[in-house]
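Fold and contact review
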Amino acid sequence: MTVFITSDWHFCHDKDFVWQKRGFSSVGEMNVEMLNRFNSVVKPEDEVYFLGDAMLNDNETALGFISQMNGHKHWIWGNHDSPTRREQLGKIPNSTVEGLACVERINGFIFFMSHYPTLTTNYDDDKPLKSRVLNLAGHTHSTEIWDKNSPWTYNVAVDAHDCYPVAIEEIIAAYRQKNTLNST
């Protein structure tokens, strides 16, 4: 089993600044290709944390795509996740609605997962990496993996990962590399 983290899918968000920026010719093409990319890496037995903004506009069509996604889905609320959308996401088989954020210990690391980038460390770079609370977030639609304002916040949004979810091992490797670079 692999753990994946992702955010800001925006299924059915029919605004060209979303789908065109991601390299697609239409929102329909984006929806189909994002589902294909997701299922090409996520297997049915995997765990996936969605950190907000799964869909916008046509909820019924979006839910059709989301219900085809592999893995056990953990939903964190984003700014576009209305009470109606949260309720609909919670009804998808193999799904759990976590709320505004969750804290998980995975492979010995502590992750605070939220839609919005969140300050989770006081920048004590002398502390061991595994004793820090590391933030995984999206929301900004940046293509950079590190948040400019919070150096220990890793951007899991699809915009920074070519519309794929990110495996936790890849995230941990990036944190380790960053920690090594900061300690020299």
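Residues numbered from 1 in each chain as written. Predicted model: local features only at pLDDT ≥ 70, side-chain atom pairs only at ≥ 80, totals over all residues. Heavy atoms only, no water.

**With respect to the side chain of His 13**
Tracing the backbone through its elements, the reader meets His 13 in the loop between β1 (3-6) and α1 (16-19). Of the residues examined, His 13 reaches a relative accessible area of 7% and is grouped as buried. Discounting residues that sit within four places of it in the chain, His 13 has contacts with Val 18, Trp 19, Val 27, Leu 56 and Asn 57. (Helix = DSSP H or I, 4+ residues; strand = E, 2+ residues; numbered from the N terminus. Buried < 20%, exposed > 50% of the residue type's maximum accessible area, 1.4 Å probe, protein only. Contact = heavy atoms within 4.5 Å.)

**Some details on the sheet that holds strand β4 (residues 95-99)**
Read from one edge to the other, the open sheet built from five strands follows the order β4-β3-β2-β1-β9, with strand pairing classed as mixed. Pairing within the sheet leaves two strands with one partner each, and these edge strands are β4 and β9 (166-167). Bridging between β1 and β9 involves two bridges; their strand directions are antiparallel. Residue pairing across strands places Phe 4 opposite Ala 167, the latter belonging to β9. (Pairing = 2+ DSSP bridges.)

**A word on the sheet that holds strand β5 (residues 101-106)**
Pairing is mixed in the open sheet, where four strands are placed in the order β5-β6-β7-β8. Among the strands making up the open sheet, the edge pair consists of β5 and β8 (153-155). Between one strand axis and the next, the sheet turns through 25 degrees on average, direction left out of account. As judged from the six bridges shared by β5 and strand β6 (residues 109-114), these two strands associate in the antiparallel manner. In the sheet register, Arg 105 faces β6, and the bridge partner there is Ile 110. (Axes fitted to C-alpha atoms, helices over the stretch in contact; angles between N-to-C directions.)

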